[in-house]
Amino acid sequence: MDKVGGNFSSKFKEFQVVLLAGGDGQRLYPLVDDIPKCLLPVGNKPLIAYQLEWLEKNHGTDVVVVIQQKYKSVIENYLRDVYIGDLKFEIVTLDERLATADVLRFLSSKLVREFMVISADTILDDSACKIFDFHRIQEPDVTVVLQEQASDNEKKSKGTIQDSFDVIALDSRQQRLLMVADNDDVREEGVNISRELFIKHPRIDLKSNLLDYHIYIFRPWVIKLLEEKEDISSIKLDLVPYLIDNQYNSDVIEIRKSFEKKGAIDEDDDDDDEPTEEQANRSGEKNLKCSAYVISSDKYGQRCNTIRRYTKLSQQLLQEQIPKCLQVTPNSSANLLTEYRGKDQGDKPDFLRQVGEECVISDTANLESRINIQKSIIGKNCKIGTKVKITDSILMDNVVIGTGCNIKGCIMSNGVEVEPESKVFNCQVSSGFCISEGSQLTGETLTKELL
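I will try to describe carefully the structure that is included in this document. Residue numbering note: each chain is counted from 1, following its sequence as written. Where local features are concerned, this predicted model is filtered to residues with pLDDT of at least 70; where side-chain atom pairs are given and counted, the filter is 80 or more; whole-chain, interface and lining totals use all residues. As a rule here, side-chain values come from all non-hydrogen atoms in the structure, and water together with hydrogens is ignored.

**Looking at the packing of helix α8 (residues 221-228) against helix α9 (residues 235-245)**
Then, in step 1: The contact between α8 and α9 brings their axes to 12 Å, and the two run at 110°. One element, α8, and the other, α9, form an angle in the roughly perpendicular class. Note on element contacts: α9 touches α8 through L239, Y242 and L243, opposite W221, V222, L225 and L226.
Then, in step 2: Class assignment for the residues of the contact of α8 with α9 results in 7 nonpolar, no polar and no charged. Lines fitted to C-alpha atoms define the axes, with helix axes restricted to the stretch in contact, and inter-axis angles between N-to-C directions lie between 0 and 180 degrees. Helix and strand assignments come from DSSP, with helices taken as H or I runs of at least 4 residues and strands as E runs of at least 2, each series counted from the N terminus. Should an angle fall under 35 degrees it is called roughly parallel, over 145 degrees roughly antiparallel, and 65 to 115 degrees roughly perpendicular, with every other angle called oblique. Contact between two residues is taken to exist if any of their heavy atoms lie within 4.5 Å; hydrogens are not considered. Residue polarity follows a fixed list, in which Ala, Val, Leu, Ile, Met, Phe, Trp, Tyr, Cys and Pro are nonpolar, Asp, Glu, Lys and Arg are charged, and the others, Gly among them, are polar.

**A look at the nonpolar core**
Then, in step 1: Think of a nonpolar core as a cluster: buried Ala, Val, Leu, Ile, Met, Phe, Trp, Tyr and Cys residues, connected wherever their side-chain atoms sit within 4.5 Å. Using a 1.4 Å probe on the protein chains alone, a residue whose accessible area is under 20% of its type maximum counts as buried, one over 50% counts as exposed, and one in between counts as partly exposed. Among the nonpolar cores identified, the biggest contains 39 residues, and L104, F218, I235, L239 and L243 are the most heavily contacted of them.
Then, in step 2: Apart from the residues within four sequence positions on either side, I235 is in contact with T100, A101, L104, V117, Y216, F218, V240 and P241.

**Some thoughts on the environment of L124**
Then, in step 1: Tracing the chain through its elements places L124 in strand β8 (residues 122-124).
Then, in step 2: You can call L124 buried: its relative accessible area is 8%.

**Looking at α9**
Then, in step 1: Taken together, the buried positions of α9 are I235, L239, V240, P241, L243 and I244.
Then, in step 2: A side-chain oxygen of the first residue of α9 lies 3.4 Å from the backbone nitrogen of K236; this N-cap is S234. Nitrogen and oxygen atoms within 3.5 Å of one another constitute a polar contact, given that in protein one can donate a hydrogen and the other can accept it, and given that sequence-neighbouring residues count only through two side-chain atoms.

**A few points about the side chain of S413**
Then, in step 1: Looking at where S413 falls in the secondary structure, it is placed in the loop between β25 (411-412) and β26 (417-418).
Then, in step 2: The exposure class of S413 is buried, given its relative accessible area of 0%.
Then, in step 3: Polar side-chain contacts of S413 include one of 3.5 Å to the backbone oxygen of L31.
Then, in step 4: If we ignore the near neighbours within four places in the chain, the residues touching S413 are P30, L31, M396, D397, V399, V429, S430 and S431.

**Section: helix α12 (residues 307-318)**
Residues three or four positions apart in an α-helix share a direction because the helix packs 3.6 residues into each turn.
Then, in step 1: By this rule, a helix spans an expected 1.5 Å times one less than how many residues it contains. Relative to the 16 Å expected for 12 residues at 1.5 Å per residue, α12 spans 17 Å between its end C-alpha atoms, a close match to the ideal helical length.
Then, in step 2: A large share of α12 lies buried, amounting to 9 of its 12 residues.
Then, in step 3: The set of residues buried in α12 consists of I307, R309, Y310, K312, L313, S314, Q316, L317 and L318.

**Description of unusual backbone geometry**
Then, in step 1: In this structure, the amide linkage connecting Y29 to the following residue, P30, adopts the cis form with an omega of 10°.
Then, in step 2: Note on placement: P30 falls in the loop between β2 (16-20) and β3 (41-42).
Then, in step 3: Positive phi, normally seen in glycine, also occurs at H214, with a value near 60°.
Then, in step 4: Secondary-structure assignment places H214 in strand β13 (residues 210-218).
Then, in step 5: The class of H214 is partly exposed, set by a relative accessible area of 23%.
Then, in step 6: Of note in the backbone geometry, N381 takes a positive phi value of approximately 60° without being a glycine.

**Considering the side chain of N246**
Then, in step 1: Mapped onto the elements of the fold, N246 is located in the loop between α9 and α10 (250-271).
Then, in step 2: Here the side chain of N246 touches Y242 through a polar contact of 2.7 Å, landing on its backbone oxygen.
Then, in step 3: In this structure, N246 is in contact with V252 and L288, ignoring residues within four places of it in sequence.

**Here we look at the sheet that holds β26**
Then, in step 1: Here 5 strands make up an open sheet; going across it, the order is β17-β20-β23-β26-β29 and the pairing parallel. Among the strands making up the open sheet, the edge pair consists of β17 (366-367) and β29 (434-435). Paired strands, in this sense, are two strands between which DSSP finds at least two bridges.

**Looking at the sheet that holds strand β27 (residues 423-425)**
Then, in step 1: Spatially, 5 strands are ordered β18-β21-β24-β27-β30 in an open sheet, and the strand pairing comes out parallel. The open sheet is flanked by β18 (372-374) and β30 (440-442), the only strands paired with a single partner. When the angles between neighbouring strand axes are averaged without regard to direction, this sheet yields 0°.

**Thoughts on the packing of aromatic side chains**
Then, in step 1: Aromatic rings from Phe, Tyr and Trp, taking only the six-membered ring of Trp, are treated as a pair when their centres fall within 6.5 Å; an angle between ring planes under 30 degrees marks them as stacked, one over 60 as edge-to-face, and anything in between as tilted. Going through the model one piece at a time under the given rule, you end up with 5 aromatic pairs.
Then, in step 2: Between F15 and F132, the ring centres sit 4.5 Å apart and the planes meet at 35°, which makes this aromatic pair tilted. With F15 in the loop between β1 (2-4) and β2 and F132 in helix α4 (residues 128-138), this residue pair connects regions lying 117 residues apart in the sequence. One exposure class covers both F15 and F132, and it is buried.
Then, in step 3: An aromatic cluster of at least three residues, connected via ring pairs, comprises F115, Y216 and F218.

**So, the pattern of salt bridges**
Then, in step 1: By convention in these notes, a salt bridge is any Lys or Arg side-chain nitrogen within 4 Å of a carboxyl oxygen on Asp or Glu. Throughout the structure, instances matching the rule amount to 14 salt bridges.
Then, in step 2: R136 serves as the salt-bridge partner of D133, at 2.3 Å between the closest nitrogen and oxygen. Pair noted here: D133 and R136 are both in helix α4, with a separation of 3 residues, about one helical turn.
Then, in step 3: Look at R136 and you get partly exposed, because its relative accessible area is 32%.
Then, in step 4: Salt-bridge contacts for R219 lead to D141; the nearest nitrogen and oxygen are separated by 3.6 Å. A residue pair is termed long-range when its members are at least 10 positions apart, and R219 in the loop between β13 and α8 and D141 in the loop between α4 and β9 (142-148) qualify at 78 residues. There is no split in this pair, since R219 and D141 are both buried.
Then, in step 5: One connected set of salt bridges, linked through shared partners, spans E14, D133 and R136.

And the structure:
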C-alpha cells in the first residue's frame, strides 16, 4: 500500500470515501488503449479531477483511491505531481481486477466508519454535503444516489442521450428504497416486491426514469455482511438488492446488531466513555433501512463510461452548459483562447483567427497558419499543420496533424499521427496509430492491431 499527499488521516473524519479508479473502461475502447479510464482527458483535465474537486469543494474528506497495479505509476504521478488540492490519498493497488463489492471486502480492515463509494467516471453538480447530510438525517444502512431524468421529448429538444433505466420502487414519503430491477426483467417477469414490504409500505411509487450514479454511502457493518456472504460480488447487482430485499430479515438484522454492539464496546474500551446515544439507538434498531437520495432533473449529472457519453460531455464543456462542474483549474493545461475570448479578429494572432470560441486549445499546442478549428478540443503538445480543418473533434495529447488534413467528428488518442492531405471523418483512433498520407476514412475504429 502506498500513501500519497501526506499522512492518511481519515481517522478524524466522519466519513471515509472509496474512489473506484481501477476500471479498464472497456466501453471506451480504443480511447483508453494506453491510459486508465480515470485519466481520460475531459476538456483540459483528467476525468478523476472532477471527482476530487467535487469532494474537496463539498466535503474535504480523505480518499482511498483503488487502482489496478498496471496503472499505479501514472495515477500516482498525477496525484503527486499534478493535483494540487488539499485532499489526502491512500492508494490501494489491486493485482487483479475485482468486482466492486469484492473491492470493499478487500478493504475491510480500512473501512471502520461510514463510507461513500464513488466511481471515477461520475461527474455531478449536486452538493456532496447535501448527500452526506441526507444520510445523517435518515440514518439508513445504505443511501443510493439517483437522479430524475427529463422526459423523452425534453431529451430530444436538448440533445440529451436517452437511456434505458432500472425500474425502482420507492416509498417517497419515507424516502425509502424498496426495489431495484432491470427494465427487461420487469417486462418479462413483472414487479417482484415481497409481501412484507407491501404490508409495511402500502403506498409505493414505481419509477423508470431514475439514473443510478453508482454513488453509495454504507454503514460499516455492511463489511461484516460481505465477509459472511462471499457470493455477493457487485455493489449494484448483488449488495444493494440484497440489503433492499432483507430490510425485515431477522438473520441479517442480527448481523448488524452484533457488529454495532461490538463497535460500541470497543469504542468504550478505547475512550473510557459510555456509548453515545446514537450508537445505542442504532444497535437497538429492529429493521434495516435503504434510502434513496433523488437529485432533481435540473441538476447536471453524467457518467462518462461510453464513447457516446464521452463525446457528449466534451460537447457540453465546449458549449459551457455545465460551468459549475467543468471549470478550468489552475493546475490543468490552460486554454489558449481564454485571453482572446470576445476580442476582435484583428486583435488575435494570425493562427487563431479561424479558431472558434467554442474550442479548448492547450497553451502548449503548436498551431501553424491558415487553420480552421471549430467546436473541438486540442490537447497538450499537439502539432497542427498549415491548411488543416478540424471540426467537432477531440485530440488528446501529442497528436500530429499534417498539412492539408480535414478532421471531422473524430476522437484521437495520445500520440496519433495523421499524415498530410488525409480526410478522416467520424473515426475513433487508438494511441500511437499512424494514418498514412492521403487516406480517406469514414466511420472507422482504428487500433494498433490494424497496423
